[in-house]
Amino acid sequence: MTEKGNNFTDLVTVGRITTAYGVRGWVKVHSYTEPMDNILQFPNWRLRGPKGWETYQIDAGRHHGKGLVVHIKGIDSRDEATQFCQCDIAVVRGLMPVLEPGEYYWHQLEGLRVVSHFQGEVYDFGNVAHMMQTGANDVLVVRGGADRRERLIPYLPGQFVLEIDLQAGVITVDWDPAF
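My aim in this report is to walk through the structure given alongside it, one point at a time. (Residues numbered from 1 in each chain as written. Predicted model: local features only at pLDDT ≥ 70, side-chain atom pairs only at ≥ 80, totals over all residues. Heavy atoms only, no water.)

This next bit is on the packing of aromatic side chains. What the rule picks out here adds up to 3 aromatic pairs. Summarising the aromatic geometry, the rings of F160 and W175 are spaced 5.1 Å apart at their centres and angled 85° between planes, so their arrangement reads as edge-to-face. With F160 in the loop between β11 (151–154) and β12 (161–165) and W175 in the segment after β13 (170–173), the pair connects residues that are 15 residues apart, well separated along the chain. In this structure F160 comes out as partly exposed when scored by relative accessible area, which is 21%. With 6.0 Å between their ring centres and 65° between their planes, W175 and F179 make a pair best called edge-to-face. Its guanidinium or amino end placed over the ring of W26, R62 lies 4.6 Å from that ring's centre, counting from NZ or CZ. (Phe/Tyr/Trp six-rings, centres within 6.5 Å; stacked < 30°, edge-to-face > 60°. Helix = DSSP H or I, 4+ residues; strand = E, 2+ residues; numbered from the N terminus. Buried < 20%, exposed > 50% of the residue type's maximum accessible area, 1.4 Å probe, protein only. Lys NZ or Arg CZ within 6 Å of the ring centre and 35° of its normal.)

Let us now look at a negative patch on the surface. Together, D59, D76, D79 and E80 make up a region of like negative charge exposed at the surface. Mapped onto the secondary structure, D79 falls in helix α1 (residues 78–82). (Patch = residues over 30% accessible without salt bridge, like charges linked within 9 Å, V, L, I, M, F, W, Y side chains within 5 Å. Areas by Shrake-Rupley, 256 points an atom, 1.4 Å probe, with all protein chains shown as cover. Salt bridge = Lys/Arg side-chain N within 4 Å of Asp/Glu carboxyl O. Lys, Arg positive; Asp, Glu negative; His and termini not counted. Charge placed at Lys NZ, Arg CZ, Asp CG, Glu CD.)

Turning our attention to the pattern of salt bridges. In this structure the tally under the stated criterion is 5 salt bridges. For D147, the salt bridge goes to R151, with nearest N and O atoms at 2.7 Å. Given a relative accessible area of 37%, D147 falls into the partly exposed group. Residue class for R151 comes out buried when judged on its relative accessible area of 2%.

Here R78 is to be found in helix α1. Note on R78: relative accessible area 36%, which makes it partly exposed. Considered as a pair, R78 and Y21 are 57 residues apart in the sequence and their alpha carbons are 7.3 Å apart. With near-sequence residues (within four places) excluded, R78 lies in contact with A20, Y21, G22, V23 and G25. (Contact = heavy atoms within 4.5 Å.)

Note that all results are geometric; they support no functional claim without further evidence.
Here it is, written out as structure tokens:
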């Protein structure tokens, strides 16, 4: 049923199990994928529990309300399902679909240094701590610059995000340092 392993660098977190659902071993899932049901295309999930990362097979999943419910193969009771509550869901990085040029996964942007070329001056804002989804657009949450401020920069390529250089590890933005 499980395969043990702890090579986190090869994994991408794609969601989280929130709670048990029903009495037959189903769980509710909060997916970080877009659209949310893309998480169901991966039949093998790595779940992080007290023993580290373990691999489980997903044998069924569907929309339920505004979210998803999933059945983990071999887990057939509510009591068994509760052990997975609040577990992160990850998949092997190499199984992620290839993106078109100019498209990026959030995990590729997290950790990159953010610099602003604002009115002819260069400012180092720190690094992308994480991404945040809002109703209007995604947002870069940037922390750790010289002034130690947290900045929320709309992820709008061509408007505020000028360039993303994965090789150099830098995102260039046009953003007022006063914000």
